[in-house]
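Architecture and fold: a report
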Amino acid sequence: MSKDVFKFLSKSASSDYVKLADGEKTSLRILSQPIMGFELFNEGKPIRWRHDEQAPTLPPSEERPRKFLAFVVYEYDTQKIKVWQFGQRTIIDQLSQLFDGGEHWSTFELALSRRGAGMDTKYSLVGKDRQPEENLIGFAVKADEYVNLDLLFDGGNPFTKELPELGVEKPETPTNNSF
């Protein structure tokens, strides 16, 4: 048997997207410029279009399109490159406050947490001004070779190539809950 079989079997089945359950938190580093657009669900499937395009013609629905952003990120907890897509107003507002001074998108290590479920879900986002690791900077330069966020607009898989293992050590987190 080939060693590739065991390498394949040993890989984690965790999601390629940042997802948090109630009470969970994670640390992220943004590695790409965002895509931005609108999204709504039709028959359980997301329909997305760019922010500067006309909405597609869809059957009548009571659901209103919502804004969304998507980034390529490094998730320190899982040590994986992932896609972080969100439309929650609280996250958008907190990101806007962090980057209001014109900082580069990679300036902050982000601590994201979730509390609650359904309509009672609350997110918290805190940024720590910390330099990105060199191998993350190297990956960010060529991230579009591995992840094409524009494929989300067509309902496709944005991961176009097997991702390299980056081996970034999880940063130390203080014992208090401040970050």
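The structure displayed is predicted, hence computed values, not measured ones.

Turning our eyes to something else, we now look at the overall build of the protein chain. The secondary structure content of the protein chain amounts to three helices and seven strands. Listing each helix as α and each strand as β along the protein chain from the N terminus yields α-β-β-β-β-β-α-β-β-α. The buried share among the 179 residues of the protein chain stands at 36%. Expressed as a percentage of contacts within the protein chain between residues at least 6 apart in sequence, the contacts between residues at least 24 apart total 63%.

For Glu 43, which is not a glycine, the phi torsion comes out positive at approximately 55 degrees. Tracing the chain through its elements places Glu 43 in the loop between β2 (35-42) and β3 (45-50). Looking at Glu 43, the relative accessible area reads 77%, which means it is exposed. If you check the backbone angles, Gln 79 has positive phi at about 60 degrees while not being a glycine. Note on placement: Gln 79 falls in the loop between β4 (66-75) and β5 (80-86).

On any regular strand, side chains alternate: one points to one face of the sheet, the next to the other face. Across the seven residues that make up β5, a large majority, five, are buried. Pairing analysis gives seven bridges linking β4 to β5, with the strands arranged antiparallel. By the bridge assignment, Tyr 74 is partnered in β5 with Ile 81.

Turning our eyes to something else, we now look at the packing of aromatic side chains. Scanning the model with the defined rule gives nine aromatic pairs in all. Taking 6.3 Å as the distance between ring centres and 90 degrees as the angle between the ring planes, the aromatic pair formed by Tyr 17 and Phe 159 counts as edge-to-face. With a gap of 142 residues between them, Tyr 17 in the loop between α1 (3-10) and β1 (25-30) and Phe 159 in the segment after α3 (134-141) connect regions that are remote in the sequence. For Phe 159, a relative accessible area of 14% gives the class buried. With a centroid separation of 5.4 Å and 75 degrees between ring planes, the pair formed by Phe 99 and Phe 108 is classed as edge-to-face.

Here we take up α3. Listing the buried residues of α3 in full gives Leu 136, Phe 139 and Ala 140. Buried residues of α3, seen end-on, are gathered within an arc of 100 degrees and therefore sit on one face of the element. Exposed and facing more than 90 degrees away from the buried side of α3 are Glu 134 and Val 141. Looking at the packing, one finds that the buried side of α3 touches β1, β4 and β5.

What counts and how
- Residues numbered from 1 in each chain as written.
- Predicted model: local features only at pLDDT ≥ 70, side-chain atom pairs only at ≥ 80, totals over all residues.
- Heavy atoms only, no water.
- Helix = DSSP H or I, 4+ residues; strand = E, 2+ residues; numbered from the N terminus.
- Buried < 20%, exposed > 50% of the residue type's maximum accessible area, 1.4 Å probe, protein only.
- Contact = heavy atoms within 4.5 Å.
- Pairing = 2+ DSSP bridges.
- Phe/Tyr/Trp six-rings, centres within 6.5 Å; stacked < 30°, edge-to-face > 60°.
- Arc of directions from axis to C-beta.

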